[in-house]
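Fold and geometry: a report
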Amino acid sequence: MSHRITRRSSRIITAVALMAATASTALLSAQAAPATPATPATTHAAPPAHGTAAAPGFLSDVRIAGHFDLVAGQTPENIALLPDGTAYVTFAAGRQVAEITPRGVTRILATLPEPADGGVKTPVLGFPLTTGIVRADGATYVLYATGTADLTGLWRLAPGKAPKRIAALPANGLPNGLALDRHSKRLYITDSVLGTVWTVPLSGGRPTTWSTASELASTGYLGANGAKVHSGALWVTNLDKGTLLRIPIRHGSRAGAPQVKAAGLAGIDDFAFTGRGNVVLAALIGPNQVVSIQPDGTSTTVLDAGDGLQNPTSVALRGKEVYVLSAAYLTRKDPNLLRARLHGRTHR
């Protein structure tokens, strides 16, 4: 790696860390404020003193399954799992998509093109970054935000082919979360700056505005973030507001009114459902925790820094196996992939 790349990556990571720290401080202050009557109350169990992590019997065999190169921009943002346990991840600052084998070996699959101007116009963050990822029909779909009209959007990586943009998104936005409705073959895209959810066919094409509800808006940093299609609805987190939202998918794929299912979750990023019900595992990037969120909106810390978390960004499950990505945006120590085993009742 050249000195130029090393210095550039270091500047990117420093900028993200400073902005994330600012946002985390604001979120923690907001969390301390009284909730409005319309917002479900959320309680948090005291985090464990050290790496015992979860509520007893909830998680076991917690270990770090892979380490990444912070200086090279390997800040993992989002994850998609294959049936054999292979993980496909986006490295935000590296503009890359990578494969992590079950043995923890990292292989770069693609690096998306760098904007001609260096991507300094990317809203809020100021550098080009890869974000959401989905695997479908043998291809990989990723989001790319650059602040430029020629590159920002949804990209497809097909075996043996160069990455190709299949849907353009607004250059003044920040596409972040990506979710697939396998029934309708439609992708849902959250924009953290514009407070919008877009939808686009899996085949690509012109995105359609699906929701611009006020619950998706930011309060100055990043709003709508993680996204999952689950049980007839699109579930979305709002990082600034610390909320988990459920947006019903109505007839004709129309958006219903958002429902706040949990609040007071400072720095909530991506998440995953643990089973057929509505129990969620969510990454809290600033507080450096993974929490279990129950259907009534209450939450319990199940992983923390003592387990090796380094500002977790996303969670995924394959059966009972839990995968957590940490980007080390604030700790600046050890971006990694953590794995654990889920136990007990996983749905309600």
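How each quantity is defined
- Residues numbered from 1 in each chain as written.
- Predicted model: local features only at pLDDT ≥ 70, side-chain atom pairs only at ≥ 80, totals over all residues.
- Heavy atoms only, no water.
- Salt bridge = Lys/Arg side-chain N within 4 Å of Asp/Glu carboxyl O.
- Helix = DSSP H or I, 4+ residues; strand = E, 2+ residues; numbered from the N terminus.
- Buried < 20%, exposed > 50% of the residue type's maximum accessible area, 1.4 Å probe, protein only.
- Core = buried A, V, L, I, M, F, W, Y, C linked by side-chain atoms within 4.5 Å.
- Contact = heavy atoms within 4.5 Å.
- pLDDT = per-residue confidence, 0-100.
- Polar contact = N/O pair within 3.5 Å; in protein donor to acceptor, adjacent residues only side chain to side chain.
- Pairing = 2+ DSSP bridges.
- Axes fitted to C-alpha atoms, helices over the stretch in contact; angles between N-to-C directions.
- Phe/Tyr/Trp six-rings, centres within 6.5 Å; stacked < 30°, edge-to-face > 60°.

**Here we look at the pattern of salt bridges**
- The final tally for this structure, using the stated rule, is seven salt bridges.
- When the shortest N-O distance is used, the salt bridge between Glu 321 and Arg 63 registers 2.9 Å. One end of the pair, Glu 321, is in strand β23 (residues 321–326); the other, Arg 63, is in strand β1 (residues 59–67), and 258 residues separate them in sequence.
- Assessed through its relative accessible area of 8%, Glu 321 is described here as buried.
- Asp 270 is the partner of Lys 228 in a salt bridge, and the nearest nitrogen-oxygen pair spans 3.0 Å. You can see Lys 228 sitting in strand β14 (residues 224–230) and its partner Asp 270 sitting in strand β18 (residues 268–273), a full 42 residues away along the chain.
- Bridged by salt links that share partners, the residues Asp 61, Arg 63, Glu 321, Arg 339 and Arg 341 form one connected network.

**Considering the nonpolar core**
- Formed by 16 residues in total, the largest nonpolar core has its most connected members in Tyr 141, Leu 154, Leu 178, Leu 187 and Ile 189.
- When residues of this core are traced back to their parent elements, those giving at least two are β6 (129–136), β7 (139–145), β9 (164–168), β10 (175–181), β11 (186–191) and β12 (196–201).
- Per-element tally for this core: the top contributor is β7, with three residues.
- Those residues in contact with Ile 189 that lie beyond four places of it in its chain are Leu 143, Leu 169, Pro 175, Gly 177, Leu 178, Thr 196, Val 197, Trp 198 and Val 200.
- In terms of nonpolar packing, the next biggest core, distinct from the first, is built from 15 residues, Val 302, Val 315, Val 322 and Leu 342 among them.

**Focus on the environment of Tyr 88**
- By the secondary structure assignment, Tyr 88 is in strand β3 (residues 87–91).
- Taking the C-alpha atoms as reference points, Tyr 88 and Arg 107, 19 residues apart in sequence, are found 9.6 Å from one another.
- Aside from chain neighbours lying at most four places away, what touches Tyr 88 is Asn 78, Ile 79, Ala 80, Leu 82, Ala 98, Glu 99, Leu 109, Ile 133, Arg 135 and Thr 140.

**Considerations on the confidence of the model for the protein**
- In the predicted model, the protein carries a mean pLDDT of 86, and 81% of its residues have values of at least 70.
- Overall, residues 1–7 carries pLDDT values under 50, and its contacts beyond four positions in sequence, including any with other chains, amount to four contacts.
- Counting contacts from residues 22–57, a segment whose pLDDT is below 50, to residues more than four positions away or on other chains yields 60 contacts.

**Looking at the side chain of Gln 294**
- You can see Gln 294 is positioned in the loop between β20 (289–293) and β21 (299–303).
- Of note is the side chain of Gln 294, whose polar atom sits 3.2 Å from the side chain of Ser 292.

**With respect to the sheet that holds strand β19 (residues 280–284)**
- Strands sit in the order β18-β19-β20-β21 across an open sheet of four strands; the sheet is antiparallel. Of all the strands in the sheet, just β18 and β21 have a single pairing partner and so form its edges. If you compare each strand with its neighbour and ignore which way they point, the axes differ by 30 degrees on average.
- Strand direction decides the pairing type here: β20 and β21, joined by four bridges, are antiparallel. Within the sheet, the bridge partner assigned to Val 290 lies in β21 and is Leu 303.

**Details of the sheet that holds strand β17 (residues 259–262)**
- The strand order across the open sheet formed by four strands is β14-β15-β16-β17, and the pairing between neighbours is antiparallel. Of all strands in the sheet, those with a lone pairing partner are β14 and β17, marking the two edges. Put simply, the sheet's adjacent strands are angled 30 degrees from each other on average, direction ignored.
- Two elements, strand β15 (residues 233–238) and strand β16 (residues 243–248), share six bridges in a ladder whose sense is antiparallel. In the strand pairing of β16, Leu 234 is matched with Ile 247.

**Some details on the pairing of strand β2 (residues 76–81)**
- Burial of β2 is extensive: five of the six residues sit out of reach of the surface.
- Here β2 pairs with β3 via five bridges, running antiparallel. If you follow Pro 76 over to β3, its bridge partner there is Phe 91.
- Here β2 folds back onto β3, and the loop between the two strands holds five residues, one of which, Gly 85, carries a positive phi near 95 degrees.

**Describing the packing of aromatic side chains**
- Counted according to the given criterion, the structure contains five aromatic pairs.
- Here the aromatic rings of Tyr 188 and Trp 210 are separated by 4.9 Å at their centres, their planes lie at 70 degrees, and the arrangement is edge-to-face. Taken as a pair, Tyr 188 in strand β11 and Trp 210 in strand β13 (residues 208–211) lie far apart in primary sequence, 22 residues in all. Assigned by exposure class, Tyr 188 and Trp 210 land together as buried.
- Measuring from centroid to centroid gives 5.9 Å for Phe 271 and Phe 273, while their planes differ by 75 degrees, and the two rings are edge-to-face.
- Since its relative accessible area comes to 13%, Phe 273 is described here as buried.
- Joined through ring pairs, the aromatic side chains of Trp 235, Phe 271 and Phe 273 make up one cluster.

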